[in-house]
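Next come the chains, spelled out residue by residue.
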Amino acid sequence: MNASNFPWLSLLLLIPLAGTFLVALAPRDDALLKRLGLIVSLAAFGVSLVVFTRFQVGVSGFQLIESLPWVKDWGITYSLGIDGISLFLVLLTTFLFPICFLASGRVDKRVKEYVVALLLTEWALIGVFLAIDLVLFYIFWEAVLVPMYLLIGIWGYERRIYATIKFFIYTLAGGLLMLVGIVTLHLAVRSHGGPVTFSVQTLLDAAPKLPFGTQAWIFTAFALAFAIKVPMFPFHTWLPDAHTEAPTMGSVILAGVLLKMGTYGFIRFAIPFFPHVAKAAAPYMMTFAVIGILYGAAVSAVQSDLKRLVAYSSVSHLGFVMLGLFAFTLQGGEGATLQMVNHGLSTGALFLLVGMLYERRHTRAIEEFGGIGAAAPLYSGIFLIVALASLGLPGLNGFVGEFLILIGAFGTNRLAAILGSGGVVGAAVYLLWAYQRTFNGPITRDENRTLKDLTAREKLVLAPMVGMMVLIGVWPHPFIERIGPSVAAVLARVGGR
Amino acid sequence: MNLSWLILAAPLAGAVVLLGYGKRFGRSSGVIACVAMSVAFVAALISMRWLLAVPNGGRSVHFHLFEWLAVGRLHLGVDLRYDPLSAAMTAMVTGVGLLIHIYSTGYMEGDPRFHRFFAYLNLFVFSMLLLVLADNLLFLYAGWELVGLCSYLLIGFWFERPAAATAAKKAFITTRIGDTGMLIGIFVLFASVHSLYIPFINRAAADGSITKTTATAAALLLFMGAVGKSAQIPLYVWLPDAMEGPTPVSALIHAATMVTAGVYLVVRMNPLYQLAHAAAMVVAVIGVATALYAAILAMAEDDIKRVLAYSTISQLGFMFLGAGVGANGAAVFHLITHAFFKSLLFLGAGSVMHGLGGETALDRMGGLRKAMPWTFAVMFCAWGAITGVLPFAGFFSKDAIMASVWAGGHTALFVVGAIAAMCTAFYMSRLLFLAFFGRERWSEGVHPHESPKSMVIPMAILAVASIFGGLLNLPEGLKGAARLSGFLDPIVGKANEKEALGVVLVMWALAAVATLGAWFIYATGDLRRRETVRARLGPVNTLVRQKFFVDEIYATVIVAPLRLGASFCAGVLDRRVIDGAVNGAATLVSRASEVWRKLQTGFVRSYAVGILGGAALLVLYVVVRTR
């Protein structure tokens, strides 16, 4: 076998799965288990870097494709592939997991199960982004739920059971709708004389030829599933509960990668499969996106719990992503795809930071703090940088995505873009107000006087994240260059410019 | 040799080094920052010389540093443009910036975050230079936002003080409201010409490929950004509060450089404003209204730094007046002389505060001219410059604007501007007299003393600039060659700047009357006359001293409803209505299953009854159907 057709994607998928078995067999030594998790996830990251180097710039379709027949009668295959849309989501996933393991130093409850759950989540997430067969995709999609359910339910905070059941049932309901959509799509294509297949590439040709009514129903099923996952207003209420009760790493993965399954689903399936329906739905989707941007910002601003505040900010940020996706312009689509990664970095980092604060003071209530900028200058400095990335300051990653999304949306829907720009002010309000109440002013509580600044390990956790924020912010070209052709191909189907 | 890359790189390098390793350098952070600034300043001078050697008309060069991104028709590189306008701005920013850096090494002595101060200061200068050197609107906007960040960091430098932290946040958010308008303006321009490159847009505006409507919309939206950044009505409210920052910051950022960014933007985009005549008139009207309004507020302000803050707002109004009527050269000229004398005024105020142990109330000063002779001397020069006394710099620049307004036939604008100029002479004289003349009113245990050399020398240099800055642009009538205007004209367009001796005499007479009035009320002995004046004015005095209650009105009309709305969304809409519906649906399902569950009793006989009943019903149904 020569290097050019080596199954790198399968290897990437196999590593975390094999890692779970390795961890399951390892002795119950907490430090060893965590180190094993770190090594496995680092190995996956290494392989994903190989994938990155083998990825050809300028190609719009899937690359590094692998395909094996699975259930022949139904046309189900084991097919993996990667393109500009999924490339950075895979890299984001493999980038965040080592960081999570590195930051899991304080976890001491059922460590073996914890490491297994994290590795399984990583495996399923990579699968979601690599699968180019709908059945395979669905399996990974639902497979993410199980370890995530456990992560929140076992290692979470006080109301974790309520939160995790709500998360599970809500998103499972969405997933089942999608399953109905997938099967209906398969059968409809078949009954209209099309091929017997679940292959994404084949369906890209077949699906748009179905009658509009059929397409509309299937689009709706897909869209509901994805909208819940994003989560799009008004399907977002599971998110603040899940985030608030999830352990730090649960939140990081949830915000960092899991939510992107929804936005990814839109640009990978819902929009290119049903371009006519997507076009008809665009004004409504953009309306809900804008409501989400402003509503999320407003609700964030008045939260008294830091973690909840960050959770609601996700509603606002993902509203931006949705706005860009349904703008059907190159700037909007590419900006949205990049913004998925940006949000993963900045919100992931915010959750890590809030988690570090919680570990020190066992509270996340903003009123418990105040003035800690003096006690922990480095921590507060990093927090500020991440907050600025999140509120879209030029020079950091968030700005690139937001700018592209808004300028793209302005091309097709001026009002939505103008209203969405209000979210730029909103983000400054809720983040800087929270920052002021937490870090500025005099220290009001004695416990905060001796607050420890970042430890060496925490610096190691945060440095790569901040580094990526600066890199994308200062030089987005290498990212956009890879995202571009694939997004352009999707948009060409909806007549986007 | 053109070194525009180095002008940018030096302060950036300084900022990066100091942010990363400042703590290790300790006291020498100040030296590092000053060295970075010196390099930038020298590079700016060398580049300026190089530019002057190029024949007039071809003085505009473009540098492509690296590709930033390309999406569809949107191509953006990190590109610099070095032309007379950016040359003048970079020379001013680096020059004044260097002096204020040096002054700060004395002023900030002993501050525990000394190194961080200089890191932010360097970062600020980098951002400001990016703003004036950017060749496309995106990087102009990036510099625009980054100076906003530095302003935030430096206003809130002493963040332990709640007032400083609040002021910092207020500044950032208020200016961001304007910035969002500017961002939308950028979208409008891109949608129209598919490029964000400034020369391209300006050419399109000049040759009419932008429609007048689009140009007006874009010009007004860009001006929104200028209104925020340059603290004009209605977004000026952040600037007086910004005085919570260390005084060198007020001098550099909130007087000499950052706040002039709005003026720079309007001047830079002047072909757009020429096309959008209505928008240009809006600029002029807002400018002159702000000039008068802020000057009135300054007349009743008792805090020395806040007087200067209102004065800055007012002077920026004059610059917008000039830019609005097309006197771009005069506006830039005033921008530069203002940078000299206003930063000097702030440094002088800082020196006074330094000598009085941080005192800012004019009521507790008085008679300082003996204790602080140097400070008094430089403040006197600055006073002459801002009041418009010949031969100080402000005389030439402000009168150039007013002459253009008059020559353009804008009588109403001229009258309002003249009244504003009169108020300016009054409040500035009032400040000078209250601080340096009359009886000594400082508190017990305060021993005024002159400031160290590191502070006095930069002030002295700025004082010289305030006196002779007018030479940059001596009007042709006075045997000058209007050199700055001639230098800038290819970029900013030639204005209608007829020399009008009448205008000069009117402006002079007004200033003289106002100064004498201020002398009569404030310069003598105690403050009894002031009390009499206050009593006479009654409610007017109260209204002005309370700043027309604008902050309170904003808080009630804008902030409170928004807050209420957000609380409603979070507390009622989100928790009760939306989440309530979700949980309600779940409850419904589980209730329904309760009912169905009861049917499953586990007793065979009840199932048998059910089956029997069902079968009977089926039979009945079939019988009925077939009948």
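Remember, it's a predicted structure, so these values are computed and weren't measured experimentally. (Residues numbered from 1 in each chain as written. Chains lettered and ligands numbered in written order. Predicted model: local features only at pLDDT ≥ 70, side-chain atom pairs only at ≥ 80, totals over all residues. Heavy atoms only, no water.)

A. Just the environment of His236(A), in detail. Tracing the backbone through its elements, the reader meets His236(A) in the loop between helix H8 (212–229) and helix H9 (238–245). Separated by 53 residues in sequence, His236(A) and Val183(A) have C-alpha atoms that sit 26 Å apart. In contact with His236(A), other than residues within four places in its own chain, are Pro231(A), Tyr295(A), Tyr312(A), Val315(A), Asp574(B) and Ile578(B). A polar contact of 2.6 Å, which involves the side chain of His236(A), links it to the side chain of Asp574(B). (Helix = DSSP H or I, 4+ residues; strand = E, 2+ residues; numbered from the N terminus. Contact = heavy atoms within 4.5 Å. Polar contact = N/O pair within 3.5 Å; in protein donor to acceptor, adjacent residues only side chain to side chain.)

B. Seen up close, the packing of helix H4 (residues 111–130) of chain A against helix H10 (residues 248–258) of chain A. All names here are of chain A. It is the contact of H4 with H10, at a shortest axis distance of 12 Å, that shows an interaxial angle of 0°. Relative to H10, H4 is oriented roughly parallel. Mapping the contact onto sequence places Tyr114, Leu118, Thr121, Leu125 and Phe129 in H4 and Met249, Ile253, Val257 and Leu258 in H10. Partitioning the contact of H4 with H10 into residue classes produces eight nonpolar, one polar and no charged. (Axes fitted to C-alpha atoms, helices over the stretch in contact; angles between N-to-C directions. Parallel < 35°, antiparallel > 145°, perpendicular 65-115°, else oblique. Nonpolar A, V, L, I, M, F, W, Y, C, P; charged D, E, K, R; others polar.)

C. How the structure looks around the confidence of the model for chain B. For chain B, mean pLDDT is 90; residues scoring 70 or higher make up 98% of the total. Of the two predicted TM-score estimates for the complex, the pTM is 0.93 and the ipTM is 0.94. (pLDDT = per-residue confidence, 0-100.)

D. Representation of empty space enclosed by the protein in the model. Tallied over the full model, the rule gives eight cavities of 30 Å³ or more. As for the largest cavity, its lining consists of Thr387(B), Gly388(B), Lys398(B), Asp399(B), Ala421(B), Met422(B), Met507(B), Trp508(B), Leu510(B) and Ala511(B). Put simply, the parts of the chain that give the lining of the largest cavity at least two residues each are helix H18 (393–407), helix H19 (411–436) and helix H22 (501–522) of chain B. With four residues, H22(B) is the largest single contributor of residues to the lining of the largest cavity. Partitioned by chemical class, the residues of the lining of the largest cavity number six nonpolar, two polar and two charged. Taken together, Leu306(A), Leu309(A), Val310(A), Leu350(A), Phe383(A), Leu431(A), Ala434(A), Tyr435(A) and Thr438(A) make up the lining of the second largest cavity. Listing elements by their share of the lining of the second largest cavity, those giving two or more residues are helix H13 (306–325) and helix H18 (414–439) of chain A. No other element matches H18(A), which puts four residues into the lining of the second largest cavity. Taken together, the residues of the lining of the second largest cavity break down into eight nonpolar, one polar and no charged. (1 Å grid on protein atoms, 1.4 Å probe; cavity = no way out; pocket = protein on both sides within 12 Å on 5 of 7 lines; lining within 4 Å. Points joined across faces, edges and corners; volume = space filled by probe spheres on them.)

E. Molecular detail of the packing of aromatic side chains. Counted under the stated rule, the structure contains 53 aromatic pairs over all chains. Each ring, one from Tyr379(A) and one from Phe383(A), has its centre 6.1 Å from the other, and the planes form 55°; the classification is tilted. Within this pair, Tyr379(A) and its partner Phe383(A) are both found in helix H16 (residues 377–390), separated by four residues, close to a single helical turn. Of the two residues, Tyr379(A) and Phe383(A), neither departs from the other in class, the shared state being buried. Centroid distance Tyr293(B) to Phe548(B): 5.4 Å. Interplanar angle 35°. Geometry classified as tilted. Taken together, the positions of Tyr293(B) in helix H13 (residues 277–299) and Phe548(B) in the loop between helix H24 (539–545) and helix H25 (550–599) put the pair 255 residues apart, joining distant regions of the chain. Tyr293(B) sits in the buried class, given a relative accessible area of 16%. Classification of Phe548(B) by relative accessible area gives partly exposed; the value is 27%. Over the face of the ring belonging to Trp141(A) we find Lys229(A), whose NZ or CZ atom lies 4.9 Å from the ring centre. A cation sits over an aromatic face here: Arg437(A) above Trp433(A), 4.0 Å from the ring centre. (Phe/Tyr/Trp six-rings, centres within 6.5 Å; stacked < 30°, edge-to-face > 60°. Buried < 20%, exposed > 50% of the residue type's maximum accessible area, 1.4 Å probe, protein only. Lys NZ or Arg CZ within 6 Å of the ring centre and 35° of its normal.)

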